[in-house]
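So you can see what is in the structure, the chains are spelled out below.
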Amino acid sequence: MLGVEAIEILSQEISKSEMDNYISQIKFNEKSSNSQRVVFIAPNELIARFIQTKYSNKLASIYEIHTGLKPQVIITTQKADLNIKLKDVNVKEIKSQSSLLNPSYTFDNFVVGDSNQFAFISSKQVAANPGKAYNPLFIYGPTGLGKTHLLQSIGNECLENGKTVICITSEQFTSDFIRNVENRTMNKFKEKYRNCDVLLIDDVQFFHKSEKTQEEFFHTFNEIHSKNGQIVMTSDKPPKMLKGFEERLKSRFEWGLMADITPPELDTKIRIIKTKCEFDKIELSDDIIEYIASNMGDNIREIESAIININAFANIMRQNITLEFAKNVIKDQIKEKKEAISLENIIQYVSYEMNIKPSDIKSKNRTKNIVEARRICIYLAKTLTPNSMPQLASHFGLKDHSAVSHNIKKINNLIENDSYFKARLEELKNKILSKE
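Here the structure is a predicted model, which means the values were calculated and not measured. (Residues numbered from 1 in each chain as written. Predicted model: local features only at pLDDT ≥ 70, side-chain atom pairs only at ≥ 80, totals over all residues. Heavy atoms only, no water.)

*Asks:* Just to check I follow, could you spell out the packing of helix H19 (residues 401-417) against helix H20 (residues 419-433) for this structure?
*Replies:* Where H19 meets H20, the closest approach of the two axes is 5 Å, and the angle between their N-to-C directions is 115°. H19 and H20 meet at a crossing whose hand is left-handed. Touching Ile411, Leu414, Ile415 and Asn417 of H19 are Ser419, Phe421, Lys422 and Leu425, all from H20. (Axes fitted to C-alpha atoms, helices over the stretch in contact; angles between N-to-C directions. Helix = DSSP H or I, 4+ residues; strand = E, 2+ residues; numbered from the N terminus. Left-handed = near helix turned anticlockwise from the far one by under 90°. Contact = heavy atoms within 4.5 Å.)

Structure (structure tokens):
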């Protein structure tokens, strides 16, 4: 059975995007393959390690089913020395499995905006100077905003520069620890984690579940740090807000640099969607992209899931992707709405989003940004609340209902002539309506 046949069978068991983005990049090396081993060539070491970790067992099973033999599957690069013993291959595989890096996560395809710029720059500097720039680096922020992307980007760059990298979630670290304790192989565990050049821990907040794991991680942290090894952690909260942690461990988290990621601005979300579409070869019109950015909230994973769902439904149903089609596909992913919105809710939220004082909105101040915020509040108040024009005029300190009408007309003109403003306004409206 040739490697091309095995890849063809594998393509039927995995998604099209996995096939296009990863498996299609490897080539069968018939000259170096035999009954004991099957060799595939990848374009670079990152792709080789990723496919070796994720797909080599699947490929080996395919050979076993169709030939009765189960050869060693080796994913390597053209430059690698193929005259290696099978036992050496096994050592390499074990090492690669400790480094669960996805090569698609790079700094080049990370979309930078005001909400994540500091974390991005800090991560780049750590990747360029591991163990020297900021150690540890602690990246925190709500779920789905790109912390894992930055973590993996650091790992991939360090790996390319010849560093030994372990990238793992806190729960995987805990499971590995428990398994080694039960098997009485803690020396093996310590050898693995305390001698790497770069240790990357995702979702460190889940260490609160186990005091013994915290104890082990404390010693692992100290050992790596003392050898100038780099430590990078992600969390949904800053160290001071982590509950169930020993103070000495939280103090270690604050030794280096803390970088937060906040919810992305509308233009950043739009660029993220466009980047995702370009990577997955999905064609969405600007009005669909702006609708998704305005209505799907701030969780980037959920936004990417919506894009994948829209494309999948279109392929299955063999339909063109229109705005109405997209709305129908993701309608269940749009957050539930609040039943009652007050004028103060609107003023508080708009003032927060536009970085001005709530009192300025009701004032006579004619500064451009305050006038814009006031008009947006009036427009949203007319759209989202049952208040009459005279009531709105009274609340916002305007002369009469004609002044309210004038402000609404100004906003409607902007909506008609400025698609970005329209999307930004839609986003504001949906954030006000969405349940907390």
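*Asks:* What exactly am I supposed to notice about the side chain of Asp176 here?
*Replies:* Note on placement: Asp176 falls in helix H7 (residues 170-182). Within the structure, Asp176 has its side chain in polar contact with the side chain of Lys192 (distance 2.8 Å). Not counting chain neighbours up to four residues away, the residues in contact with Asp176 comprise Phe189, Lys192 and Tyr193. (Polar contact = N/O pair within 3.5 Å; in protein donor to acceptor, adjacent residues only side chain to side chain.)

*Asks:* Whenever I open this one, the UniProt feature "binding site: ATP" (unreviewed entry) in the protein confuses me. Can you help?
*Replies:* This chain's UniProt record puts "binding site: ATP" (unreviewed entry) on Gly144, Gly146, Lys147 and Thr148. Here Gly144 is to be found in the loop between strand S4 (137-140) and helix H6 (147-160). What Gly144 contacts, discounting residues up to four positions off in sequence, is Asp298, Asn299, Ile300 and Arg301. Tracing the backbone shows Thr148 in helix H6. Look at Thr148 and you get buried, because its relative accessible area is 17%. Once residues within four sequence positions are removed from consideration, Thr148 is found in contact with Asp202 and Arg301. (UniProt positions renumbered as here; feature names shortened; annotations may be inferred. Buried < 20%, exposed > 50% of the residue type's maximum accessible area, 1.4 Å probe, protein only.)

*Asks:* How do you make sense of the nonpolar core when you look at a structure like this?
*Replies:* The nonpolar side chains of a soluble globular protein tend to be buried with one another. In terms of nonpolar packing, the biggest core is built from 29 residues, with Ile346, Val350, Ile376, Leu380, Phe396 and Leu425 touching the most fellow members. Among the secondary structure elements, those contributing two or more residues to this core are helix H15 (343-353), helix H17 (368-384), helix H18 (389-395), H19 and H20. Looking at this core element by element, the count peaks at nine residues for H17. The contacts of Phe396, once residues within four sequence positions are left out, are Ile347, Ile361, Lys362, Cys377, Ile378 and Ala381. With 26 residues, the next largest nonpolar core counts Ile272, Leu284, Ile289 and Ile300 among its residues. (Core = buried A, V, L, I, M, F, W, Y, C linked by side-chain atoms within 4.5 Å.)

*Asks:* It is not clear to me how the packing of aromatic side chains should be interpreted in this structure. Could you clarify?
*Replies:* The description of an aromatic ring pair rests on the distance of the ring centres and on the angle between the ring planes. Counted under the stated rule, the structure contains 18 aromatic pairs. Between Tyr22 and Phe50, the ring centres sit 4.8 Å apart and the planes meet at 55°, which makes this aromatic pair tilted. One end of the pair, Tyr22, is in the loop between helix H2 (16-21) and strand S1 (27-28); the other, Phe50, is in helix H3 (residues 45-67), with 28 residues separating them in the sequence. For Phe50, a relative accessible area of 10% corresponds to the buried category. Sitting over the face of the ring of Phe218, Arg248 holds its NZ or CZ atom 3.9 Å from the ring centroid. (Phe/Tyr/Trp six-rings, centres within 6.5 Å; stacked < 30°, edge-to-face > 60°. Lys NZ or Arg CZ within 6 Å of the ring centre and 35° of its normal.)

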